[in-house]
Amino acid sequence: MAGRVEGKVALISGAARGQGRSHAVRLAQEGADIIAVDICGPIENLAYPHATPDDLAETADLVKGLGRRIVTAEVDVRDFDALKSAVDGGVEELGRLDIIVANAGIGTFGNKLHKIPESIWQDMIDVNLTGVWKTVKSGVPHIIAAGRGGSIVLTGSVGSHKALAFTGHYIAAKHGVLGIMRSFAVELGQHMIRVNSVHPSQVNTPMTMNEVTFKLFRPDLENPGPEDFAPFSQMTHTLPIPWVEAIDISNAVLFLASDESRYITGVSLPVDAGALLK
């Protein structure tokens, strides 16, 4: 079925690469124009190289290659004024806003929860929790004002539902995303704005596939790689796969953004190969 979000405009945070880029491309394939934002710069203590302006430009090229319009901005989701300015500008250029995908997130070095430095804790909460709230806050007034209803999708995690050792700051933030999703769903339902969340397991993107993750799962090896991580990652799943792909999350986002889910709201949808069954 083509054109499942035809004529709509989607705001996507963290759109320079990984899941965010995949969401932008998938929604564009189905007819949406895109407002794509990403910090495209360093955040302290990341476990992997940060996204770049070239990454965001590549996302833009991919969307344009599908015949869709895209407005990009290098914006930190922690900076509400800059985020709102970018969103307002994108809506002015593209004419509307129907979909918000609050996807931007980080993975930082872990430790036991009582040993995590305050700065690492604060960055995690500010990006992965407060940044989600600010992304919705920046865009939802446009959806309300238009009176057409809309869809908001927040990126949670398996860690929104269960604890994992040495990532307590991440777990706390992602548990919070679940609460934000449910609260927005209650408050925005009167406007026919649906709010749901997707909850991936390990995804084959730089945020997961990096040396820090490999070391976390294989501390017994000096230089573990994906092939060393794979069997241990697969053990966390019910289905016999080590990780999911970004497109798997994007297909779930597309469903929740489309009218196929027109009466679905307040739902947390795992895309986790059965990880939450364990």
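Residues numbered from 1 in each chain as written. Predicted model: local features only at pLDDT ≥ 70, side-chain atom pairs only at ≥ 80, totals over all residues. Heavy atoms only, no water.

- The name that an unreviewed UniProt entry assigns to the protein chain is 3-ketoacyl-ACP reductase, with the source organism given as Mycobacterium intermedium.
- A UniProt comment under Sequence similarities (unreviewed entry) is attached to the protein chain, and it reads "Belongs to the short-chain dehydrogenases/reductases (SDR) family." (UniProt positions renumbered as here; feature names shortened; annotations may be inferred.)

Quick notes on the overall build of the protein chain
- Along the protein chain, the regular secondary structure elements total eight helices and seven strands.
- Radius of gyration (C-alpha) of the protein chain: 18 Å, near the 19 Å computed for a compact globule of 278 residues.
- In terms of overall dimensions, the protein chain has C-alpha extents of about 55 × 35 × 35 Å along its principal axes.
- Burial analysis of the protein chain (278 residues in total) assigns 55% to the buried set.
- In the protein chain, 74% of the contacts between residues at least 6 apart in sequence involve partners at least 24 apart.
- Within the structure as shown, the protein chain displays about 12,100 Å² of accessible surface, and the carbon and sulfur contribution to it stands at 55%.
- Charge centroids of the protein chain, computed over 24 positive and 31 negative side chains, lie 7 Å from each other. (Helix = DSSP H or I, 4+ residues; strand = E, 2+ residues; numbered from the N terminus. Rg over C-alpha atoms; globule rule 2.2 N^0.38 Å. Buried < 20%, exposed > 50% of the residue type's maximum accessible area, 1.4 Å probe, protein only. Contact = heavy atoms within 4.5 Å. Areas by Shrake-Rupley, 256 points an atom, 1.4 Å probe, with all protein chains shown as cover. Lys, Arg positive; Asp, Glu negative; His and termini not counted. Charge placed at Lys NZ, Arg CZ, Asp CG, Glu CD.)

Details of the pairing of strand S5 (residues 150–155)
- Where burial is concerned, most of S5 is hidden: six out of the six residues are buried.
- Burial of S5 is two-sided: the residues Gly150, Ile152 and Leu154 facing one way and the residues Ser151, Val153 and Thr155 facing the other way are all buried.
- Across four bridges, the pairing between strand S4 (residues 99–102) and S5 is parallel. Residue pairing in the sheet places Ile100 in a bridge with Ile152 of S5.
- The parallel pair S4 and S5 is bridged by helix H4 (residues 118–146), and the resulting crossover is right-handed.
- This β-α-β element, S5 to helix H5 (residues 168–188) to strand S6 (residues 193–200), shows right-handed connectivity. (Pairing = 2+ DSSP bridges. Right-handed = clockwise from strand over helix to strand, strands pointing away.)

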